[in-house]
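Residues per chain, in single letters:
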Amino acid sequence: MGSDDPSVKELAVNESWALLRTEEIGRLAVWVDDHPDIFPLNYAVDHGTIVFRSARGTKVSAALSDARVALEVDGYLPESHEAWSVVIKGRAEGVREIGDLMDTVDLPLSPWQPGEKNFFIRLVPTLVTGRRFPVADPGAWQTPLSGVRRSPPE
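Residues numbered from 1 in each chain as written. Predicted model: local features only at pLDDT ≥ 70, side-chain atom pairs only at ≥ 80, totals over all residues. Heavy atoms only, no water.

*Asks:* Can you tell me about the side chain of K117, naming the residues and giving the values?
*Replies:* Relative to the helices and strands, K117 is located in the loop between α3 (98–104) and β8 (119–134). Buried within the structure, K117 lacks any salt-bridge partner; E116 is the closest side chain of opposite charge, at an N-O distance of 10 Å. In contact with K117, not counting residues within four places along its chain, are R53, S54, A55 and P111. (Helix = DSSP H or I, 4+ residues; strand = E, 2+ residues; numbered from the N terminus. Buried < 20%, exposed > 50% of the residue type's maximum accessible area, 1.4 Å probe, protein only. Lys, Arg positive; Asp, Glu negative; His and termini not counted. Salt bridge = Lys/Arg side-chain N within 4 Å of Asp/Glu carboxyl O. Contact = heavy atoms within 4.5 Å.)

Quick look at the structure:
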């Protein structure tokens, strides 16, 4: 992830994991047929991996294919006016062993949508990157035309 901006701080892997533990919503990027696709999901950190649960469908099929996946999670720290972003890249695997399933079922995973969510998927990282950066004052993006009244669309 590099940046030439000195205010952007690259995070150590342990800092990235600590931030991941503070959130529960991320976006999973997978390869579907001939294009990338992104799915919001809730997750839990479990022993250096990410676990989510889902129903059968495109997200699960694509995640469990041979293609690599990525998960992005972002957050905002109001006390310091900083934002952060962590990206995990790796492979996804189904949680199938009975012992692993028993451990996984106790994770704090509460899907947003009702229905059967019988598939537990574990994202095993090969790369974890993160960065923290100050959030710009919205006034910095103002132009002389920002406050000009516009005519209504036709």
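*Asks:* Any details on the environment of T104? Residues and values, ideally.
*Replies:* Its location among the elements puts T104 in helix α3. C-alpha of T104 to C-alpha of L77: the two residues are 27 residues apart in sequence and 29 Å apart in space. Residue contacts for T104: discarding those within four places in its chain leaves V51, V95, F120 and R122.

*Asks:* Lay out the layout of surface pockets with the relevant residues and their values.
*Replies:* Considered as a void within the structure, the largest pocket measures approximately 210 Å³ in volume. Every residue along the wall of the largest pocket is listed here: P40, L41, N42, R53, S54, K59, P111, W112, Q113 and K117. For the lining of the largest pocket, the element with the highest residue contribution is strand β3 (residues 35–42), accounting for three residues. For the lining of the largest pocket, the per-class residue count stands at four nonpolar, three polar and three charged. (1 Å grid on protein atoms, 1.4 Å probe; cavity = no way out; pocket = protein on both sides within 12 Å on 5 of 7 lines; lining within 4 Å. Points joined across faces, edges and corners; volume = space filled by probe spheres on them. Nonpolar A, V, L, I, M, F, W, Y, C, P; charged D, E, K, R; others polar.)

*Asks:* Just give me the short version of the pairing of strand β6 (residues 69–77), but keep the residues and values in it.
*Replies:* Each regular strand shows side chains that alternate between the opposite faces of the sheet. Looking at chain direction, strand β2 (residues 25–32) and β6 are connected through three bridges and run antiparallel. Within the sheet, the bridge partner assigned to L28 lies in β6 and is L71. Once β6 ends, the chain turns through four residues before running back antiparallel as strand β7 (residues 82–94), passing H81 with a positive phi of about 55 degrees. (Pairing = 2+ DSSP bridges.)

*Asks:* Can you break down the pattern of salt bridges residue by residue, with the values?
*Replies:* If you walk through the whole model with that rule in mind, you get six salt bridges. One salt bridge connects E72 with R27, and the closest N-O pair in it is separated by 3.5 Å. Residue E72 is located in strand β6, and its partner R27 is located in strand β2; the two are separated by 45 residues in the primary sequence. The exposure class of R27 is partly exposed, given its relative accessible area of 30%. Across the salt bridge formed by R27 and D74, the nearest N and O atoms sit 2.4 Å from each other. With R27 in strand β2 and D74 in strand β6, this residue pair connects regions lying 47 residues apart in the sequence. Overall, D74 belongs to the partly exposed group, its relative accessible area being 33%. Ionic contacts of the salt-bridge type, sharing partners, join the residues R27, E72 and D74 into one network.

*Asks:* A description of unusual backbone geometry should follow, citing residues and the corresponding values.
*Replies:* We note that D33 has phi near 55 degrees; this positive angle belongs to a residue other than glycine. In this fold, D33 is placed in the loop between β2 and β3. What makes D33 exposed here is its relative accessible area of 71%. Of note in the backbone geometry, H47 takes a positive phi value of approximately 50 degrees without being a glycine.

*Asks:* So, the pairing of β3: which residues are in play, and what are the values?
*Replies:* With eight bridges connecting them, β2 and β3 associate as antiparallel partners. Note on β3: the bridge partner recorded for L28 is F39. From the end of β2 to the start of β3, which pair antiparallel, there are two residues, and D33 there has a positive phi angle of about 55 degrees.

*Asks:* Residue-level account of the nonpolar core, with values.
*Replies:* Ranked by internal contacts, the top residues of the largest apolar core, which has 27 residues, are L20, L28, V30, I50 and I88. If you list the elements that add at least two residues to this core, you get α1 (13–20), β2, β3, β5 (49–54), α2 (58–63), β6, β7 and β8. Residues within four places of L28 in sequence aside, it is in contact with D37, I38, F39, L41, F52, K59, A63, V69, A70 and L71. V95, L107, L109 and F120 belong to the second-largest nonpolar core, a separate cluster that totals six residues. (Core = buried A, V, L, I, M, F, W, Y, C linked by side-chain atoms within 4.5 Å.)

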